[in-house]
Amino acid sequence: ERLRGALDRVRSGDQIVVLGCQIAIATLELGETQEERPDYGPAIAGMKRVLGVNADDVGSQFLIARLYQAQKAWSEARDTLLRIVQTAPDARSEE
């Protein structure tokens, strides 16, 4: 909860990316170590803010997809992964 408040106060794009990703990673780790699932909503909101700053970052897109999976928001996870595949450069074209 305290981290969400910190993310709300941040204005720099770089700071949004760093803090938003750290909140997401910490939330995922918390979900893996505790019996009770954490509230993934604030981490997802943070990652949406990260993607608002850097929409093409594949790592951030995968991170929000993992949050959706952890939250069992299957359609959002699927849609995010499909977007990654559709927008990713074709590796064969680089050969």
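For the structure, see preceding data.
Residues numbered from 1 in each chain as written. Predicted model: local features only at pLDDT ≥ 70, side-chain atom pairs only at ≥ 80, totals over all residues. Heavy atoms only, no water.

(A) Here's a closer look at the nonpolar core. Membership of the largest hydrophobic core comes to 19 residues, with the highest contact counts inside it found for Ile44, Met47, Leu63, Ile64, Leu67 and Tyr68. Not counting chain neighbours up to four residues away, the residues in contact with leucine 63 comprise Cys21, Ala24, Ile25, Leu28 and Met47. (Core = buried A, V, L, I, M, F, W, Y, C linked by side-chain atoms within 4.5 Å. Buried < 20%, exposed > 50% of the residue type's maximum accessible area, 1.4 Å probe, protein only. Contact = heavy atoms within 4.5 Å.)

(B) Seen up close, the packing of helix α2 (residues 13-33) against helix α4 (residues 58-70). Put simply, α2 and α4 touch, their axes get as near as 10 Å, and they point 35 degrees apart. You can see that α2 and α4 cross each other, and the crossing is left-handed. In this structure, α2 uses Cys21, Ala24, Ile25, Leu28 and Glu32 to contact α4, whose residues at the interface are Ser60, Leu63, Arg66, Leu67 and Ala70. Of the residues that constitute the contact of α2 with α4, the class distribution is seven nonpolar, one polar and two charged. (Axes fitted to C-alpha atoms, helices over the stretch in contact; angles between N-to-C directions. Helix = DSSP H or I, 4+ residues; strand = E, 2+ residues; numbered from the N terminus. Left-handed = near helix turned anticlockwise from the far one by under 90°. Nonpolar A, V, L, I, M, F, W, Y, C, P; charged D, E, K, R; others polar.)

(C) A look at the side chain of glutamine 61. Take glutamine 61: it is sitting in helix α4. Once residues within four sequence positions are removed from consideration, glutamine 61 is found in contact with Leu51, Ala55, Asp56, Thr80 and Ile84.

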